[in-house]
Amino acid sequence: RKSPPLLLKTKIFASLCCCTIFGVASLVYTVLSQRSLARGDEYGSVRKHRRARSCLIVSILLGIIMIATFCVLDYCYINWLTSIMKKFCSAQVLCANAEGIPTTADDPVAICDSYTVCAFPRPFNP
């Protein structure tokens, strides 16, 4: 009987990039499956190959779920931080003429510099 496919590259990828525990379990079951096949135990080989494939699928699915979760949490954190910054910070423009005298941005020779001013509330210290 033909031996089941090894899928070693996929299993190593799953071990390194997805869920390590299930990826390593998949590699172990693959080795056990090959040993069973070498002994002539086809039923044991097929059974261990199915376990290896199941571990591989679980590893990849958990990896995708973890990556998606981290992306969503990172997106939410950035939006939360941006809303805090909008609430407590404002952009200011400071303009001056060549002599350093404050002026408006409408002045044709004005040199303007923009900066951000943040006024975070002070923490309560009893």
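Residues numbered from 1 in each chain as written. Predicted model: local features only at pLDDT ≥ 70, side-chain atom pairs only at ≥ 80, totals over all residues. Heavy atoms only, no water.

## A closer look at the overall build of the chain
Regarding its fold elements, the chain presents three helices and two strands. Per-residue burial over the chain gives 18% buried out of 126 residues. Counted over contacts in the chain with a minimum sequence separation of 6, partners at least 24 positions apart contribute 49%. Just so you have it, the chain exposes about 9,700 Å², and 66% of that area is on carbon and sulfur atoms. (Helix = DSSP H or I, 4+ residues; strand = E, 2+ residues; numbered from the N terminus. Buried < 20%, exposed > 50% of the residue type's maximum accessible area, 1.4 Å probe, protein only. Contact = heavy atoms within 4.5 Å. Areas by Shrake-Rupley, 256 points an atom, 1.4 Å probe, with all protein chains shown as cover.)

## Section: the packing of helix H1 (residues 8–17) against helix H2 (residues 20–39)
Contact geometry for H1 and H2: axes closest at 7 Å, N-to-C directions at 150°. The orientation of H1 with respect to H2, classified from their angle, is roughly antiparallel. For the pair H1 and H2, the sense of crossing is left-handed. Residues Leu8, Lys11, Ile12, Ala14 and Ser15 of H1 form the contact with H2, whose own contacting residues are Thr20, Gly23, Val24, Ser26, Leu27 and Thr30. Of the residues assigned to the contact of H1 with H2, the class counts are five nonpolar, five polar and one charged. (Axes fitted to C-alpha atoms, helices over the stretch in contact; angles between N-to-C directions. Parallel < 35°, antiparallel > 145°, perpendicular 65-115°, else oblique. Left-handed = near helix turned anticlockwise from the far one by under 90°. Nonpolar A, V, L, I, M, F, W, Y, C, P; charged D, E, K, R; others polar.)

## Here's the deal with the state of the cysteines
Per the stated rule, a full pass over the model turns up zero disulfides. The thiol of Cys17 is unpaired, and the distance to the nearest cysteine sulfur, on Cys18, comes to 6.2 Å. Given the relative accessible area of 45%, Cys17 is considered partly exposed. Distance from the sulfur of Cys55, which forms no disulfide, to the nearest cysteine sulfur (Cys19) is 9.9 Å. (Disulfide = S-S within 2.5 Å.)

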